[in-house]
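Spelled out from the first residue to the last, the chains are:
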Amino acid sequence: MRSLGYLNGVLTVLAVLLVLNLWVGWHALSTGPAGDMVTVATPARAQGIPDGGAQRLEIVNQLKLVNVRLAELGEFMRSGEMRVRFEGRQPGPGQTPNPLMSAPPRPRTQLPQGEAEGE
């Protein structure tokens with residue numbers, strides 16, 4: 001019977017702690033940090049509702065700008081004015097050379113004006 005008394009005592013302590021926890025939670029819910037009364041549903045403190053349409057419009061405008069810049073870069077490359085110089089480190093002794101660095105250059109093909117490769 002001694003274990004039954006111990007069990008009853010532990011369950012009583014747990015029940016008291018649970019009631020105290022509920023009381024503190026309810027009290028903290030009904031009063032704010034400054035002690036003023038608040039309701040259960042408080043208004044949102046966001047900076048405003050985001051405008052999805054405006055965000056999409058901004059993305060479209062940025063994509064158009066990227067397309068214009070990419071077209072300018074393509075024209076610059078087609079004009080032949082671009083020069084590229086690669087300064088890579090040479091493989092050391094016992095290292096395998098990079099096949100991309102040692103590959104012979106591809107012959108340059110002239111495409112008719114206005115056509116892109118792969119179309």
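Worth saying up front: this structure is predicted, and the values here are computed from it rather than measured.

1. Describing the overall build of the protein
When its secondary structure is counted, the protein shows 3 helices and 0 strands. The order of α-helices and β-strands along the protein, N terminus first, is α-α-α. Expressed as a percentage of the 119 residues in the protein, the buried residues total 3%. A total of about 11,800 Å² of accessible surface is found on the protein, and carbon and sulfur atoms cover 63% of it.

2. Re a nonpolar patch on the surface
A surface patch of nonpolar side chains, amounting to about 940 Å² of accessible area, comprises L4, Y6, L7, V10, L11, V13, L14, V16, L17 and L20. One can find V10 in helix 1 (residues 2-30).

3. Description of helix 2 (residues 52-79)
Over its 28 residues, helix 2 extends 41 Å from the first C-alpha to the last, a length consistent with the 40 Å expected when each residue adds 1.5 Å. Of the residues flanking the end of helix 2, it is G80, one or two places downstream, whose phi is positive at about 85°.

4. Remarks on the confidence of the model for the protein
Low-confidence regions, as indicated by low pLDDT, have predicted coordinates that should not be scrutinised in detail. Per-residue pLDDT for the protein averages 77, and the proportion of residues at 70 or more is 61%. The element-level mean pLDDT for the protein is lowest in helix 3 (residues 99-102), coming to 62, with helix 2 highest at 93.

The rules behind these values
Residues numbered from 1 in each chain as written. Predicted model: local features only at pLDDT ≥ 70, side-chain atom pairs only at ≥ 80, totals over all residues. Heavy atoms only, no water. Helix = DSSP H or I, 4+ residues; strand = E, 2+ residues; numbered from the N terminus. Buried < 20%, exposed > 50% of the residue type's maximum accessible area, 1.4 Å probe, protein only. Areas by Shrake-Rupley, 256 points an atom, 1.4 Å probe, with all protein chains shown as cover. Patch = residues over 30% accessible without salt bridge, like charges linked within 9 Å, V, L, I, M, F, W, Y side chains within 5 Å. Salt bridge = Lys/Arg side-chain N within 4 Å of Asp/Glu carboxyl O. Expected span 1.5 Å × (residues − 1). pLDDT = per-residue confidence, 0-100.

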